[in-house]
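One letter stands for each residue in the lines below.
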Amino acid sequence: MIGLLQRVSEASVRVDGAVVGAIGAGLMVLLCAEKGDTEREADALLAKLLGYRVFPDEAGKMNRSITDTAGGLLLVPQFTLAADTRSGTRPSFSPAAAPEDGRRLFDHIVRTARQRHGIVETGQFGADMKVGLVNDGPVTFWLQVDPVGIAR
């Protein structure tokens with residue numbers, strides 16, 4: 001599982017001109033399931049992103065997590081994060097999970113996040129989304145949890 005997490009002042013997702021998810025200050029996370037990923041990897045990624053310390057404490061150090069700040073969490077599915085770009089000028093998406101697996105794991109993360117965190121909004125799986133955000137910092141981190149038994 002891959003999560004590209006961005007600390008934001010605000011972020012939103014539109015589908016067909018309508019806002020389907022929006023937050024104020026918090027994290028926008030682009031999520032991607034890869035072949036071999038299961039709920040185990042999804043849970044591990046969610047735990048990591050909820051605890052990842054990217055918000056400043058009183059001294060200005062990145063010592064606080066989204067859980068500590070109770071900020072918004074906008075989860076957006078994005079299979080292109082699994083692209084293999086090592087050769088040529090056209091990405092290969094063969095590392096990405098099949099669409100039905102990607103949807104199942106995205107839905108699992110959303111359900112679990114809503115049980116563990118107060119403000120959770122989402123994009124729409126499989127839709128042509130327009131994503132807007134104000135990256136605060138900018139602060140952006142790539143988080144990845146590999147499937148058990150698969151080496152990179």
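Digging into unusual backbone geometry
(1) Moving on: Between glycine 137 and proline 138 the backbone carries a cis peptide bond, its omega angle lying at -5°.
(2) Moving on: Looking at the element boundaries, proline 138 is found in strand S8 (residues 129-144).
(3) Moving on: Phi is positive for alanine 70, which is not a glycine, with a value near 60°.
(4) Moving on: Positionally, alanine 70 belongs in the loop between helix H2 (66-69) and strand S6 (72-77).

Overview of the packing of helix H1 (residues 39-51) against helix H3 (residues 99-116)
Angle between the axes and distance between the axes: these two values describe a pair of packed helices.
(1) Moving on: Interhelical geometry of H1 versus H3 gives an angle of 45° and a closest axis separation of 10 Å. Judged by the angle between their axes, H1 and H3 are oblique. Handedness of the H1/H3 crossing: right-handed. Here Glu39, Ala42, Asp43, Leu46, Ala47 and Leu50 of H1 come into contact with H3, specifically with Arg104, Leu105, His108, Ile109, Thr112, Ala113 and Arg116.
(2) Moving on: Grouping the constituent residues of the contact of H1 with H3 by class yields 7 nonpolar, 2 polar and 4 charged.

Some thoughts on the side chain of glutamate 41
(1) Moving on: Positionally, glutamate 41 belongs in helix H1.
(2) Moving on: From its side chain, glutamate 41 meets the backbone nitrogen of threonine 38 in a polar contact 2.6 Å long.

Let's talk about the pattern of salt bridges
(1) Moving on: Tallied over the entire structure, the rule returns 5 salt bridges.
(2) Moving on: A salt bridge links arginine 86 to aspartate 84; its shortest N-O distance comes to 2.7 Å.
(3) Moving on: One salt-bridge network, held together by shared partners, links Glu39, Asp101 and Arg104.

Comments concerning the side chain of aspartate 37
(1) Moving on: Structurally, the position occupied by aspartate 37 is in the loop between strand S3 (26-32) and H1.
(2) Moving on: Residue classification places aspartate 37 among the buried positions, given a relative accessible area of 6%.
(3) Moving on: A polar contact is formed between the side chain of aspartate 37 and the backbone nitrogen of glutamate 34, at a distance of 2.6 Å.
(4) Moving on: Not counting the four nearest positions on each side in its chain, aspartate 37 is found in contact with Met1, Cys32, Leu105, Val145 and Pro147.

Thoughts on the layout of surface pockets
(1) Moving on: Roughly 400 Å³ of internal volume is contained in the largest pocket.
(2) Moving on: Among the elements of the structure, S3, S6, H3 and S8 are those that each provide at least two residues to the lining of the largest pocket.
(3) Moving on: Considered class by class, the residues forming the lining of the largest pocket number 18 nonpolar, 5 polar and 1 charged.

Focus: H1
(1) Moving on: The first and last C-alpha atoms of H1 sit 18 Å apart over 13 residues, in line with the 18 Å expected at 1.5 Å per residue.
(2) Moving on: Within H1 the residues assigned to the buried category are Glu41, Ala42, Leu45, Leu46, Leu49 and Leu50. For H1, the angular spread of buried residues about the axis comes to 160°, placing them on one side.
(3) Moving on: Packed against the buried residues of H1 are strand S1 (2-15), S3, H2, S6, H3 and S8.

Reading the values: the criteria
Residues numbered from 1 in each chain as written. Predicted model: local features only at pLDDT ≥ 70, side-chain atom pairs only at ≥ 80, totals over all residues. Heavy atoms only, no water. Helix = DSSP H or I, 4+ residues; strand = E, 2+ residues; numbered from the N terminus. Axes fitted to C-alpha atoms, helices over the stretch in contact; angles between N-to-C directions. Parallel < 35°, antiparallel > 145°, perpendicular 65-115°, else oblique. Left-handed = near helix turned anticlockwise from the far one by under 90°. Contact = heavy atoms within 4.5 Å. Nonpolar A, V, L, I, M, F, W, Y, C, P; charged D, E, K, R; others polar. Polar contact = N/O pair within 3.5 Å; in protein donor to acceptor, adjacent residues only side chain to side chain. Salt bridge = Lys/Arg side-chain N within 4 Å of Asp/Glu carboxyl O. Buried < 20%, exposed > 50% of the residue type's maximum accessible area, 1.4 Å probe, protein only. 1 Å grid on protein atoms, 1.4 Å probe; cavity = no way out; pocket = protein on both sides within 12 Å on 5 of 7 lines; lining within 4 Å. Points joined across faces, edges and corners; volume = space filled by probe spheres on them. Expected span 1.5 Å × (residues − 1). Arc of directions from axis to C-beta.

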